[in-house]
Amino acid sequence: MTNNKQIAIDGPASAGKSTVAKILAKKMNYIYCDTGAMYRALTLAALRQNADISSEIELTKILADIEISFKQMADGQHVFLNGEDVTQEIRLPEVTNSVSEVSSFKKVRAELVSRQRKFSDSDSIVMDGRDIGTVVLPEADLKIFLVASVEERAQRRYDENTKNGINTPFDVLKKEIEDRDTYDSTRKESPLVQAEDAILVDTTGLNIDQVVQKIEDLMN
Ligand code: CDP
Ligand code: CDP
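Residues numbered from 1 in each chain as written. Chains lettered and ligands numbered in written order. Predicted model: local features only at pLDDT ≥ 70, side-chain atom pairs only at ≥ 80, totals over all residues. Heavy atoms only, no water.

Structural notes on the UniProt feature "domain: Cytidylate kinase" (unreviewed entry) in the protein chain
Consideration 1: Following the UniProt record, one finds the feature "domain: Cytidylate kinase" (unreviewed entry) at residues 7-218.
Consideration 2: In residues 7-218, helix accounts for 51% and strand for 17%; the two terminal C-alpha atoms are 11 Å from one another. (UniProt positions renumbered as here; feature names shortened; annotations may be inferred. Helix = DSSP H or I, 4+ residues; strand = E, 2+ residues; numbered from the N terminus.)

Observations regarding helix 9 (residues 208-219)
Consideration 1: Compared with the 16 Å implied by 1.5 Å per residue over 12 residues, the 17 Å span of helix 9 between its first and last C-alpha is a close match.
Consideration 2: Burial in helix 9 covers these residues: Val-211, Val-212, Ile-215 and Glu-216. Taken end-on, helix 9 shows its buried residues confined to a sector of 135 degrees, consistent with a single buried face.
Consideration 3: Against helix 1 (17-28) and strand 7 (142-147) lie the buried residues of helix 9. (Expected span 1.5 Å × (residues − 1). Buried < 20%, exposed > 50% of the residue type's maximum accessible area, 1.4 Å probe, protein only. Arc of directions from axis to C-beta. Contact = heavy atoms within 4.5 Å.)

Structural notes on the confidence of the model for the protein chain
Consideration 1: On average, residues of the protein chain carry a pLDDT of 96, and 99% of them reach 70 or more.
Consideration 2: For this predicted complex, the interface confidence reaches an ipTM of 0.98, while the overall pTM sits at 0.97. (pLDDT = per-residue confidence, 0-100.)

Some remarks on the environment of Val-212
Consideration 1: Following the sequence through the fold, Val-212 ends up in helix 9.
Consideration 2: Each C-alpha atom of the pair Val-212 and Val-20 lies 6.1 Å from the other, and the pair is 192 residues apart in sequence.
Consideration 3: For Val-212, the contacting residues outside a window of four places in its chain are Val-20, Ile-23, Leu-24 and Lys-27.

Below is the structure:
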């Protein structure tokens, strides 16, 4: 038995999961695990090797050879692939467009879920993703299912891109989000679904501080 606490945050793309999870982890002095970044790091490794991303066997072999780690830096948490900082690269459109297919395979998920659980062995943790409350941390102390209208989620991504000098049109972003949500929600292995004991938090029209406050209220 341990006294470590677990907070699970799931939901569709761009609902604000990672932003809110990072703030909560900092406030509570918990570690933060961005599971999406782990699927993205594997996708990047596969694309770099020109691997067949529809092959579960190829992906599993690549995964066996890679180490994915997180490190807290002055400007936030960075993601490392075999020691190389890939924090920026894993957000590239090529990775985003392939990550759902890579994430759909049973053996890929089994291996990454096992690595994710190890992160929670030693510390209290906030973990975000698609299957945290349902599969990775089924006994979590608090499970949040974060949603917002697709229009608002696409607008948030659009604003974020504009700040970073990326000019993808709004309609393209909206369709990418819709397609990825459909793929993630309808796949056979660990689809994106709200856990029975998760609390639905609709963030449409709420800013980040308001969402954090809502979750903090639920923790008490
Ligand atoms: O931040 P964003 O919403 O773009 O996505 P992400 O959290 O980085 O996750 C990228 C993709 O990885 C998702 O669309 C899922 O296909 C997959 N994923 C997953 O299958 N299971 C998780 N626990 C986390 C992410
Ligand atoms: O992790 P996930 O894909 O769910 O979303 P995110 O990357 O945390 O958030 C996507 C964008 O929405 C970021 O630029 C956040 O700053 C922004 N956001 C917001 O404007 N209002 C919120 N209530 C939550 C997030």
